[in-house]
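Results of the structural survey
These are the residues of each chain, in order.
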Amino acid sequence: MAKTEKFDELAEFYETMKTVMAAICVKKGGIATEEYVGRFFAADVLELLVNSGGDKDGKYTAEFESMKDMITPNKKPVHEMTLEEFEKVMNI
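Residues numbered from 1 in each chain as written. Predicted model: local features only at pLDDT ≥ 70, side-chain atom pairs only at ≥ 80, totals over all residues. Heavy atoms only, no water.

Examining helix α2 (residues 39-51)
Since the α-helix advances by 3.6 residues per turn, residues separated by three or four positions end up pointing in the same direction. The condition is simple: Strands here are runs of E lasting at least two residues and helices are runs of H or I lasting at least four, both read from the DSSP assignment and numbered beginning at the N terminus. One less than the number of residues in a helix, times 1.5 Å, gives the span that helix is expected to have. Per-residue accessibility, obtained with a 1.4 Å probe over protein chains only, is compared with the maximum for each type, and a residue is labelled buried under 20%, exposed over 50%, and partly exposed between these values. By definition in these notes, contact holds between two residues if any of their heavy atoms fall within 4.5 Å.
End to end, α2 covers 18 Å across 13 residues, agreeing with the expected 18 Å (1.5 Å per residue, within 8%). Taken together, the buried positions of α2 are R39, F40, A42, A43, V45, L46, E47, L49 and V50. Among the structural elements, α1 (3-27), α3 (59-67) and α4 (83-90) are those in contact with the buried residues of α2. Looking one or two residues beyond α2, the residue adopting positive phi is G53, at roughly 85°.

A few points about the packing of α1 against α3
To keep things clear, this is the line we draw: Axis definition: a line fitted to C-alpha atoms, limited for helices to the stretch in contact. Angles are taken between N-to-C directions and run from 0 to 180 degrees. Note on terminology: angles under 35 degrees are roughly parallel, angles over 145 are roughly antiparallel, angles of 65 to 115 are roughly perpendicular, and the others are oblique. Left-handed describes a crossing whose near helix is turned anticlockwise from the far helix by less than a right angle; the clockwise case is right-handed.
As a packed pair, α1 and α3 sit with axes 13 Å apart at the nearest point and diverge in direction by 50°. In terms of axis orientation, α1 runs oblique to α3. The element α1 and its partner α3 pack so that their crossing is left-handed. Contacts between α1 and α3 involve F7, A11, Y14, E15 and K18 on the former and, on the latter, K59, Y60, E63 and M67.

Some points on the environment of E5
Considering the arrangement of structural elements, one finds E5 in helix α1. For E5, a relative accessible area of 43% translates into the label partly exposed.

Some thoughts on α3
Just so we agree on the cut-off: By definition, the arc is the one covered by directions from the helix axis to the C-beta atoms.
Residues Y60, E63, F64 and M67 constitute the buried set of α3. Projection of α3 onto a plane perpendicular to its axis shows the buried side chains occupying an angular sector of 105°, all on one side. Away from its buried face, by an angle of more than 90 degrees, α3 presents the exposed residues A62 and S66.

Some details on the nonpolar core
Here is the rule we go by: Working definition of a nonpolar core: buried Ala, Val, Leu, Ile, Met, Phe, Trp, Tyr and Cys residues. They are joined through side-chain atoms within 4.5 Å.
If you look at the biggest cluster of nonpolar residues, it comprises 20 residues, and the most contacted ones within it are Y14, M17, A42, L46, L49, Y60 and M67. For Y60, the residues in contact, after removing those within four places along its chain, are F7, A11, Y14, E15, L46, L49, V50 and D55.

Focus on the packing of α1 against α2
Where we set the bar: By the convention adopted, Pro, Cys, Tyr, Trp, Phe, Met, Ile, Leu, Val and Ala count as nonpolar, Lys, Arg, Asp and Glu as charged, and the other residues, Gly among them, as polar.
One way to put it is that α1 packs onto α2 with a least axis distance of 10 Å and a crossing angle of 160°. Between α1 and α2, the interaxial angle falls into the category roughly antiparallel. The hand of the α1/α2 crossing is left-handed. Counted together, F7, L10, A11, F13, Y14, M17 and M21 of α1 and R39, F41, A42, V45, L46, L48 and L49 of α2 form the full contact between these two elements. Within the contact of α1 with α2, the residues separate by chemical class into 13 nonpolar, no polar and 1 charged.

Quick word on the pattern of salt bridges
Our working rule: Note on definitions: salt bridges are taken to be side-chain nitrogens of Lys or Arg within 4 Å of carboxyl oxygens of Asp or Glu.
Scanning the entire structure with this criterion turns up 4 salt bridges. Here K18 ties to E63 by a salt bridge, and the two come within 3.4 Å at their closest N and O atoms. Of the two residues, K18 sits in helix α1 while E63 sits in helix α3, which places them 45 residues apart along the sequence. Using a relative accessible area of 29% as the deciding quantity, one classes K18 as partly exposed.

This is the structure we're talking about:
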(Lines give C-alpha, C1' and ligand atoms only; values in the text may rest on other atoms or scores of the structure.)
Protein backbone atom coordinates (compact mmCIF):
# COMPACT_ATOMS: atom_id res chain seq x y z
CA MET A 1 0.00 0.00 0.00
CA ALA A 2 1.39 3.39 -0.99
CA LYS A 3 2.11 6.03 1.62
CA THR A 4 -0.62 8.27 0.17
CA GLU A 5 -3.17 5.47 0.39
CA LYS A 6 -2.31 4.85 4.04
CA PHE A 7 -2.62 8.54 4.80
CA ASP A 8 -6.00 8.73 3.03
CA GLU A 9 -7.33 5.71 4.94
CA LEU A 10 -6.16 7.09 8.27
CA ALA A 11 -7.60 10.53 7.45
CA GLU A 12 -10.95 8.91 6.56
CA PHE A 13 -10.91 6.99 9.85
CA TYR A 14 -10.12 10.17 11.79
CA GLU A 15 -12.93 12.12 10.13
CA THR A 16 -15.41 9.30 10.82
CA MET A 17 -14.22 9.08 14.42
CA LYS A 18 -14.81 12.82 14.91
CA THR A 19 -18.39 12.39 13.68
CA VAL A 20 -18.98 9.44 16.00
CA MET A 21 -17.46 11.33 18.95
CA ALA A 22 -19.77 14.27 18.30
CA ALA A 23 -22.78 11.94 18.24
CA ILE A 24 -21.69 10.32 21.50
CA CYS A 25 -21.32 13.74 23.13
CA VAL A 26 -24.86 14.66 22.06
CA LYS A 27 -26.24 11.35 23.40
CA LYS A 28 -24.49 11.95 26.72
CA GLY A 29 -26.41 15.14 27.30
CA GLY A 30 -24.60 17.54 25.02
CA ILE A 31 -21.21 17.46 26.67
CA ALA A 32 -18.45 19.40 24.94
CA THR A 33 -16.04 17.27 22.91
CA GLU A 34 -13.25 18.85 24.96
CA GLU A 35 -14.75 17.12 28.00
CA TYR A 36 -15.19 13.70 26.36
CA VAL A 37 -12.67 11.12 27.54
CA GLY A 38 -12.26 9.83 23.97
CA ARG A 39 -10.51 13.06 23.07
CA PHE A 40 -7.21 11.49 24.18
CA PHE A 41 -7.57 8.67 21.65
CA ALA A 42 -8.53 11.21 18.98
CA ALA A 43 -5.38 13.20 19.76
CA ASP A 44 -3.25 10.05 19.43
CA VAL A 45 -4.84 9.22 16.06
CA LEU A 46 -4.29 12.78 14.90
CA GLU A 47 -0.65 12.61 15.98
CA LEU A 48 -0.20 9.42 13.96
CA LEU A 49 -1.89 11.05 10.99
CA VAL A 50 0.34 14.12 11.11
CA ASN A 51 3.48 12.05 11.59
CA SER A 52 2.63 9.92 8.56
CA GLY A 53 3.85 12.78 6.39
CA GLY A 54 0.89 12.97 4.03
CA ASP A 55 -0.65 16.22 5.30
CA LYS A 56 0.29 18.35 2.30
CA ASP A 57 -2.17 21.20 2.92
CA GLY A 58 -1.53 21.37 6.69
CA LYS A 59 -5.17 20.82 7.69
CA TYR A 60 -4.39 18.10 10.21
CA THR A 61 -1.16 19.71 11.35
CA ALA A 62 -3.06 22.86 12.31
CA GLU A 63 -5.71 20.81 14.10
CA PHE A 64 -3.00 18.85 15.92
CA GLU A 65 -1.45 22.05 17.26
CA SER A 66 -4.60 22.69 19.27
CA MET A 67 -4.75 19.10 20.59
CA LYS A 68 -1.13 18.10 21.10
CA ASP A 69 -1.29 18.59 24.87
CA MET A 70 -3.78 15.68 24.99
CA ILE A 71 -1.62 12.98 23.40
CA THR A 72 -0.60 9.97 25.42
CA PRO A 73 2.86 10.54 26.86
CA ASN A 74 5.60 8.53 25.19
CA LYS A 75 8.08 8.31 28.03
CA LYS A 76 6.16 6.92 30.97
CA PRO A 77 3.40 4.30 30.97
CA VAL A 78 0.24 5.16 32.88
CA HIS A 79 0.85 2.42 35.46
CA GLU A 80 4.18 4.05 36.41
CA MET A 81 2.78 7.57 36.85
CA THR A 82 2.15 9.24 40.16
CA LEU A 83 -1.39 10.37 40.83
CA GLU A 84 -0.37 13.96 40.12
CA GLU A 85 1.20 13.00 36.77
CA PHE A 86 -1.87 10.99 35.81
CA GLU A 87 -4.23 13.84 36.72
CA LYS A 88 -2.14 16.24 34.63
CA VAL A 89 -2.21 13.89 31.61
CA MET A 90 -5.95 13.32 31.98
CA ASN A 91 -6.51 17.05 32.49
CA ILE A 92 -8.39 16.46 35.74
